[in-house]
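Coordinates in review
So the chains spell out like this:
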Amino acid sequence: MENLDNLKSEVLKNIQASADLKGLDEIRVSILGKKGQLTEMMKGLGALPLEEKIAMGKGLNIVKSEIEQALEAQKKILEEKALNEKLANETIDVTLPVRPETQGRIHPISKIYEEVAAIFGEMGFDVADGPDIEDQFHNFNALNMPNNHPARQMQDTFYINDNPEKPFDMDTAYVIRTQTSGVQIRTMEKQQPPIRIIALGRTYRSDYDATHTPMFHQVEGLIIDKNITMAHLKGCLNNFMKAFFELDDLPMRYRPSYFPFTEPSAELDIGCKVTKTELKIGAGTDWMEILGCGMVHPSVLRAGGIDPDEYQGFAFGMGLDRIAMLKYGIPDLRLFFESDVRWLKHYGFTPLDISSMTGGLSDNGGLAR
Ligand code: DAH
């Protein structure tokens, strides 16, 4: 009995002193396990005379349950301690910005490409492509701008001298395309109507100031089918403008204009307010020209191998840099192409915000600013 008391007080002391769950379990096994001290003592009961057996059995049971309780209590304390330590080590401050901070930014022009393709894609347009270095047939002649046509002077063209050995011939030299309109011809050459494409790309003219750079971007649109009318043109472009500027009541007007490749031709203006300090789209009484458009000229269809007596369509062309400046309030076009990372960080977009008609174009919190 005395042994039992000593064992009990020693074990209880050890339990209280144990500092971790593993140590505590070792104590449990050494006392209560198959070969534990208390278990052995219980096994020894059988050899005792009856009275001692009863007394000793009682005592053993009491000590056993005291030890079990002490083990249980210490286990709780140690578990809580372990949990607290784990929590302290794994602290997450959900108010901190994401780390590592995303470094890359999507350039506003790439964002505009994405937005324009998302909107026209939703309307069923395919995206077509053409080369930056273009022959004059596709850039001019097939678009009803033959040599010496005055409209050629509307665009300050870069000509390429591809063979310095030969005298330069302005009429046959390649150009770097002055407009994406040539993709109209390239598409017609490849595909019979119905045609419904946009072409996004770089274009080049010899021009340089705050709103003009020698390289800039355009989107061209072309629809050809049997019964296409000016009403389709208006419906399509009105819808595009509202979606792009994210304004349902955007004021718009079509003004008669001239382009060699369309007849009739028009320019689309959007309503805005222009003051010295601000430019607000969709408000005020001023108008700003935003794109050129019209019904495809029969000569253009013919040049593309399409019968104008059977098919007709509409086309449009729009400067993307301009609408990027308008939509995102970027004042100077030249900075678009200077590769200044501070500028890009300010005006760029986070890479994972993909523009879509259902998920949002640009108003989905994607602005890095
Ligand atoms: N290519 C014209 C330009 O660069 C824009 C344009 C106007 C394209 C009318 C078209 C159109 O397709 O129909 O100024």
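Model, not experiment: these values are computed from the prediction.

1. Digging into the overall build of the chain
- What the chain contains, in helices and strands, is 11 helices and 11 strands.
- Taking 2.2 N^0.38 as the reference for a compact globule, 369 residues should give roughly 21 Å; the C-alpha atoms of the chain span a radius of gyration of 40 Å, well beyond that estimate.
- Its C-alpha atoms put the chain at 130 × 55 × 50 Å along the principal axes.
- By the burial criterion, 40% of the 369 residues in the chain qualify as buried.
- Restricting to contacts in the chain with at least 6 residues of sequence separation, those with at least 24 account for 65%.
- When the accessible area of the chain is evaluated, it comes to approximately 20,700 Å², of which 53% is carbon and sulfur surface.
- For the chain, the distance from the average site of its 40 positive side-chain charges to the average site of its 54 negative ones is 6 Å.

2. A word on the site of the ligand
- Taken together, 16 residues sit near the ligand, with Gln-179, Ser-181, Arg-205, Gln-218 and Glu-220 positioned nearest.
- With respect to the ligand, the side chain of Gln-218 contributes an N or O atom lying 2.9 Å from an oxygen atom.
- One of the backbone nitrogen or oxygen atoms of Phe-316 is found 3.3 Å away from an oxygen atom of the ligand.
- Relative to its free-state accessible area of 350 Å², the ligand is covered by the protein chains to the extent of 91%.

3. Comments concerning the environment of Leu-32
- Residue placement: Leu-32 occurs in helix α2 (residues 21-32).
- Distance in space between the C-alpha atoms of Leu-32 and Ile-67 is 9.0 Å, their sequence separation being 35 residues.
- Look past the residues within four positions of Leu-32 in its chain and what remains in contact with it is Leu-38, Thr-39, Lys-64, Ile-67, Glu-68 and Leu-71.

4. Digging into the confidence of the model for the chain
- Put simply, the chain has an average pLDDT of 91, and 98% of its residues get 70 or more.
- Confidence drops under pLDDT 50 across residues 364-369; counting only partners more than four residues distant or on other chains, this segment forms 19 contacts.

5. Thoughts on the sheet that holds strand β2 (residues 133-134)
- Judged by pairing direction, the sheet is antiparallel, and its three strands sit side by side in the order β2-β4-β3 without closing on themselves. Two strands bound the open sheet, and with one partner strand each, they are β2 and β3 (158-160).
- Here β3 runs beside strand β4 (residues 174-176); their pairing, made up of three bridges, is antiparallel. Counterpart to Phe-158 in the pairing with β4 is Ile-176.

Cut-off values and rules
Residues numbered from 1 in each chain as written. Predicted model: local features only at pLDDT ≥ 70, side-chain atom pairs only at ≥ 80, totals over all residues. Heavy atoms only, no water. Helix = DSSP H or I, 4+ residues; strand = E, 2+ residues; numbered from the N terminus. Rg over C-alpha atoms; globule rule 2.2 N^0.38 Å. Buried < 20%, exposed > 50% of the residue type's maximum accessible area, 1.4 Å probe, protein only. Contact = heavy atoms within 4.5 Å. Areas by Shrake-Rupley, 256 points an atom, 1.4 Å probe, with all protein chains shown as cover. Lys, Arg positive; Asp, Glu negative; His and termini not counted. Charge placed at Lys NZ, Arg CZ, Asp CG, Glu CD. Near = heavy atom within 4 Å. Polar contact = N/O pair within 3.5 Å; in protein donor to acceptor, adjacent residues only side chain to side chain. pLDDT = per-residue confidence, 0-100. Pairing = 2+ DSSP bridges.

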